Amino acid sequence: MTSVRCPICDAAMPGDWSEYPEYPFCGKRCRTIDLGRWLGEDYKLTSGAGPSDDRSSPADPDADR
Ligand SMILES: [Zn+2]
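Residues numbered from 1 in each chain as written. Predicted model: local features only at pLDDT ≥ 70, side-chain atom pairs only at ≥ 80, totals over all residues.

### What to know about the overall build of the protein
Right, on to step 1. Secondary structure summary: the protein contains 1 helix and 2 strands in total.
Right, on to step 2. For the protein, the succession of helices and strands along the chain, N to C, is β-β-α.
Right, on to step 3. Residue burial in the protein is summarised as follows: out of 65 residues, 5% are buried.
Right, on to step 4. Once local pairs closer than 6 in sequence are excluded, the contacts in the protein between residues at least 24 apart make up 9%. (Helix = DSSP H or I, 4+ residues; strand = E, 2+ residues; numbered from the N terminus. Buried ≥ 20, exposed ≤ 12 C-beta atoms within 10 Å, placed from the backbone. Contact = placed C-beta atoms within 7 Å.)

Rendered as C-alpha cells:
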C-alpha cells in the first residue's frame, strides 16, 4: 500500500495518484500555495482577492454566532 500525502497540507491522499489531477498535491489550492512559495513568500493566497472556489473560510464572521 502506498500512502501519499500532500506536501503542502499533509493530507492523506488515498487511492490512486491518477485520481488527483493536481498530483502530487491534494488539490488545486495546495498547488497554488506551492506555486506561491516558488514565486515569493509575499504572495498571499488568502488576501481576499484570490481565486474563488474557497468554500472553507477559516474565519467567517457570519458563521454561527
Ligand atoms: Zn493539500
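### Quick word on the environment of S3
Right, on to step 1. Residue position: S3 is located in the segment before β1 (4–5).
Right, on to step 2. Each C-alpha atom of the pair S3 and G15 lies 8.5 Å from the other, and the pair is 12 residues apart in sequence.

### Concerning helix α1 (residues 28–39)
Right, on to step 1. The terminal C-alpha atoms of α1 lie 16 Å apart, and with 12 residues this matches the ideal 16 Å at 1.5 Å per residue to within 8%.
Right, on to step 2. Among the residues trailing α1, G40 stands out with phi positive, at a value near 150°. (Expected span 1.5 Å × (residues − 1).)

### Regarding unusual backbone geometry
Among all residues save glycine, negative phi is the norm, and among peptide bonds the norm is trans.
Right, on to step 1. With omega at 5°, the peptide bond leading from Y23 into P24 counts as cis.
Right, on to step 2. Even without being a glycine, D10 presents a positive backbone phi close to 65°.
Right, on to step 3. Mapped onto the elements, D10 comes out in the loop between β1 and β2 (12–13).
Right, on to step 4. For D10, a count of 9 C-beta atoms within 10 Å gives the class exposed.

### As for the environment of R31
Right, on to step 1. In this fold, R31 is placed in helix α1.
Right, on to step 2. Apart from the residues lying within four places of it in its own chain, the contact partners of R31 are E22 and F25.

### Focus on the confidence of the model for the protein
When pLDDT is low, close inspection of the predicted coordinates is not appropriate.
Right, on to step 1. Predicted confidence across the protein gives a mean pLDDT of 78, with 63% of residues reaching 70 or more.
Right, on to step 2. By mean pLDDT, the top-scoring element of the protein is β2 (92), and the lowest-scoring one is β1 (88). (pLDDT = per-residue confidence, 0-100.)

### Examining the environment of E22
Right, on to step 1. Structurally, the position occupied by E22 is in the loop between β2 and α1.
Right, on to step 2. Considering only alpha carbons, one finds E22 and T32, 10 residues apart in sequence, at a separation of 9.7 Å.
Right, on to step 3. Every residue in contact with E22, bar those within four places of it in the chain, is listed here: G27, K28 and R31.

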